[in-house]
Amino acid sequence: MKMITFFLVGLLVHVVFFISIFDIYFTSPLVHGMTPQHVPLPAPAKRLVLFVADGLRADSLFKPDVNGTRAPYIRSVIQDRGTWGVSHTRVPTESRPGHVALIAGFYEDVSAVAKGWKENPVEFDSVFNESRHTWCWGSPDILPMFAKGATGDHVYTYTYPAAMEDFASTDASKLDTWVFDEVKAFLNSAKGNETLLSKLHEEQSVFFLHLLGIDTNGHAHRPMSKEYLDNIGLVDEGVAEMVSMFEEFYGNDGKTAYVFTADHGMTNWGSHGASHPSETLTPLVAWGAGVQTAQRTTSSSQHYEDGYSKEWGLETYRRVDVNQADIAPLMSSLIGIPIPLNSVGVLPLQYLNNSQHFKAESMYANAIQILEQFKVKMAQKKETTLSFLFTPYQILTDSKQMDFVHHARDLIQKGQFDDAVHLCDVLITQAMDGLSYYHTYDRFFLGSSVVFGFIGWTSYVVLLILKTHASLRKPPTSRDKMPGRGVGRVFVCIGLLVTLFLLLQASPFTYYIYCLLPVPVWYSVIKECGILVDLIRSIPSLPLSKCFGYFVLVTFGIELLVVSFFYRAMLTLGLITLTVWPFVSGLYRKAKSRSVSWVLSCLCLAAFPLLPVVGREPNIDYVLCAGALTLFNTFSYLWSSRGLAGLHRSDRRLFICQMFQVGLCAYVLASTHSSLQLKHGLPLFNQLISWSTLVSSFFVPLLTSTRLFHRLLSILLSLICVYLLLSTGYEALFPPVLSWLMFVWINMEQDAMDAQGASSRTELHSIDFAENIDLTKIRQLKLDDLRRSYFFVFFIIIAFFGTGNIASINSFDPASVYCFLTVFNPFIMGGLLMWKVLIPFIIVMCTFDGVQVSTRLSSRSLFLIVLVISDLMALHFFFLVKDYGSWLDIGTSISHYVIVMSMTIFLMLLSVMTHILTSKRIQIGQRMKLHFK
């Protein structure tokens, strides 16, 4: 197989492996075709007002401060006329998933992240959709998704311009003031509009007030700030005013129910998205029509061991905690609408102030609504599984379903309401377990197919390395040719059988890809099995002790990399271990100064994984120090290279300009943060400099000469300029220290080659990577190249997890992008933060290319080893994903798998591009030689 074909096929295979994890674990939980369930009794409320304070922590609302309570009105509701508790959210603690759980009753389809948590990947039912009319005021990022998912034209949204969501705003609480003012204007205008007035007085109406100011102030100033706490007071006053207005508008008819809650909380450092209690514990307060009034109790009767009630001074008031999805059935029950069809919430009866008959009927409707989902899911799975292979959920067979339903209805008719409620609760639990059973029904089958293909691909790459570089290639014999056709026929038959099996099961298209991919992969492995036989025969001539030692070291190294995804401190251990390499290899005796530099750079870099990724206050002084360190290092090189012929005058001028740009970026960062602290906003000049720096960083390095060190230095300066603008603290020091180690690594690899007598010493400043490649100088792989490949993968992981990772992007600090923009835009902000994470990655990639050039080794050869190492890591994470345990545990292993696969796909793309460019360069060089001849 030609190398370019191999890379393209490998890229396709890895894309399939990458997508498979989403198809196996992140498929949509939604089903359609259920029947709405109505409660045959009149509802206690005619209308519902829902207040959602975006980003409000439970403790920030409930905990008194030195001056008393921050929210006197909400606290008075808890003490006198409502029911309160904590709403427990789930990961990811973001605005869209939180609102979907609140209003639709199910936990978000994770595929929504691809649309920035804004639009609906799959249409779903909601409280708004089931209502007669819903009026919404608030953020343009949240409201449209519920209007889009509603049937008919009965959900009305009023949003402010997206430009108002500005983290640099002098007062983000104006977002909440806008909502309150708009609601007041709306109610006042309705008094003179007969058509609107008639709609407003219809039953089953919902008013939704989305209050984003608290979240925006929390991101910009932290939850402990005066701005955040004052915003809570403003919201409390606004809620009191809104309640007064609604009561006055409806003539105090006592038919309005109120629910106050939050979509998610926020960490002390102003982020959310993960599973910290400050993010998952949100307040819930309900009062009004149909809601149980405040119940006094003793602290001993409260069965919450977290101790929060006592800390909040509310231990004598009954606390009722719920899961966030339970709020949707609560709101539906209060105004007498069907529970959203996709809801998995359980009605919290302790919030209701109604008859036992009403509670029993409501729980019965809740149970049937969830059972309907179970039945649809079971029917879907039955249709796509051969009857003799289908294994039903035994705990809830058709007969048991009928028994449950008939028994529950019989208990309600007999007036045994408490028993009926208990039976419905059992039915809900079993139906939920059954839903999970059918949702994960094909996971083992699909996972096995992917793992089988993964192992086959890795085996093929190993055989390809042996075939190309182990001197095991032999002329084909009759023995090699004979089984080829027979094996091919066998695998064709296997492919046809797999296709027939999937056709009979009416499987989705993606199932064909996952199940048929292993067939050609393993056919390729079987075709090359002769290489393995030849290797076994040549074992006596191999340096077995050295081979075994490398095998043990690489195995230990891969395990260390896997563990480092869970414990970043393991990277520190790895870097400390790397300091002994010059002494073990004997390089210290021949290159003492470089060995000392290697040890010092490893130790300096080892400090970064021990520092916190998030949870720290911005410190611009570190960024300024990083800029000064970069300028000092560059100036030192320019001064020391004055007499070198390799540094052209044009390069020297460009480096001086880039040094000036480094200083300018440091100034822009300090100026921007100073301006924002003074609440003067983002200066236009700073914003223009920031964006122009980002754009120019992609092409300025191309203006330098093609000498290896000069190009690397120019790339480093361009990347550091952007990194400084995206930094807020110590992480700005990471690229200079990493670059120090990378340049030492290149020199050390040259020393290692020189020690082996494989090359003559060539200074970095004289190596030109753009010269025509002399194929006669490209050497074969050696065992030492296994170490080089492992170093590369290890440094890639260091670059990725040294100061940040995907988790810290999810729990991002918007202060990192303030030099570019301050108005909330998840795609641009996420893209900038992703580029910040990738900059160290690019530095390591460029260094590895320098190592390949300086050691005269084909990049394709080194990449094959890197591919095997990364694939083994990805396979390791795939096995760590289990069907049991918390969603967070599964999601963590999946995210690590996605990271490794993304890295591998990126490397393969780069290899394809490098191979194409190298081939073109060789062709051009050959044509030029012929021309001159």
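Bear in mind the structure is a predicted one, so any value in this text is a computation, not a measurement. (Residues numbered from 1 in each chain as written. Predicted model: local features only at pLDDT ≥ 70, side-chain atom pairs only at ≥ 80, totals over all residues. Heavy atoms only, no water.)

(A) Structural context of helix 9 (residues 213–221). With 8 of 9 residues buried, helix 9 lies mostly within the body of the structure. By the burial criterion, the buried members of helix 9 are Gly-213, Ile-214, Asp-215, Thr-216, Asn-217, Gly-218, His-219 and Ala-220. Here the buried face of helix 9 lies against strand 1 (47–53), helix 7 (174–190), strand 5 (205–211) and helix 10 (226–249). After helix 9 finishes, the residue Arg-222 shows a positive phi value of roughly 85°. (Buried < 20%, exposed > 50% of the residue type's maximum accessible area, 1.4 Å probe, protein only. Helix = DSSP H or I, 4+ residues; strand = E, 2+ residues; numbered from the N terminus. Contact = heavy atoms within 4.5 Å.)

(B) Region of the structure containing the sheet that holds strand 6 (residues 256–261). With mixed pairing, 8 strands are arranged side by side in an open sheet as 4-3-5-1-6-7-2-8. The outermost strands of the open sheet, each flanked by one partner alone, are strand 4 (155–159) and strand 8 (322–323). Of the pairings in the sheet, the one linking strand 3 (residues 133–138) to strand 5 comprises 5 bridges and is parallel in character. Opposite His-133, over in strand 5, you have Ser-205 as the bridge partner. Contacts between helix 13 (residues 327–335) and the sheet are confined to strand 1, strand 2 (82–88), strand 5, strand 6, strand 7 (281–288) and strand 8, with strand 1 contributing the most and set at about 155° to the helix. (Pairing = 2+ DSSP bridges. Axes fitted to C-alpha atoms, helices over the stretch in contact; angles between N-to-C directions.)

(C) Here's a closer look at the side chain of Ser-696. Following the sequence through the fold, Ser-696 ends up in helix 29 (residues 684–696). Note on Ser-696: relative accessible area 12%, which makes it buried. Apart from residues no more than four positions distant in its own chain, Ser-696 is found in contact with Gln-661 and Pro-701.

(D) Highlighting the confidence of the model for the protein. On average, the protein scores 83 in pLDDT, and the residues at 70 or more come to 85%. The least confident element of the protein is helix 33 (residues 806–810), whose mean pLDDT is 51; the most confident is strand 6, at 98. The low-confidence segment residues 772–776, where pLDDT is below 50, has 7 contacts with residues more than four positions distant or belonging to other chains. The low-confidence segment residues 883–889 (pLDDT under 50) makes 11 contacts with residues lying over four places distant or belonging to another chain. (pLDDT = per-residue confidence, 0-100.)

(E) Just the environment of Tyr-25, in detail. If you trace the backbone, Tyr-25 turns up in helix 1 (residues 3–25). Sequence separation of Tyr-25 and Gly-447 is 422 residues, and the distance between their C-alpha atoms is 9.7 Å.

(F) Quick look at the pairing of strand 6. Of all the 6 residues making up strand 6, 6 are buried; the element is thus mostly covered by neighbouring parts of the structure. With 5 bridges connecting them, strand 6 and strand 7 associate as antiparallel partners. In the sheet register, Tyr-258 faces strand 7, and the bridge partner there is Trp-287.

(G) Expanded view of unusual backbone geometry. The backbone of Gln-204 shows a phi angle near 60°, a positive value even though the residue is not glycine. The phi dihedral of Asn-252 is positive, around 50°, even though this residue is not glycine. Topologically, Asn-252 is positioned in the loop between helix 10 and strand 6. When its relative accessible area of 57% is taken as the criterion, Asn-252 is described as exposed.

(H) Broad picture of the pattern of salt bridges. Using the criterion set out here, one finds 16 salt bridges in the structure. With a closest N to O distance of 3.2 Å, Glu-311 and Lys-63 form a salt bridge. Within this pair, whereas Glu-311 is found in helix 12 (residues 308–311), its partner Lys-63 is found in the loop between helix 2 (58–62) and helix 3 (72–80), the two being separated by 248 residues in sequence. Assessed through its relative accessible area of 40%, Glu-311 is described here as partly exposed. One salt bridge connects Arg-594 with Asp-751, and the closest N-O pair in it is separated by 3.8 Å. Of this pair, Arg-594 sits in helix 26 (residues 592–606) while Asp-751 sits in helix 31 (residues 734–755); the two residues are 157 residues apart in sequence, bridging distant segments of the chain. Here Arg-594 falls in the partly exposed class, since its relative accessible area comes to 27%. By relative accessible area, Asp-751 is classed as buried at 11%. Through salt bridges with shared partners, one network takes in Asp-181, Lys-184 and Glu-241. (Salt bridge = Lys/Arg side-chain N within 4 Å of Asp/Glu carboxyl O.)

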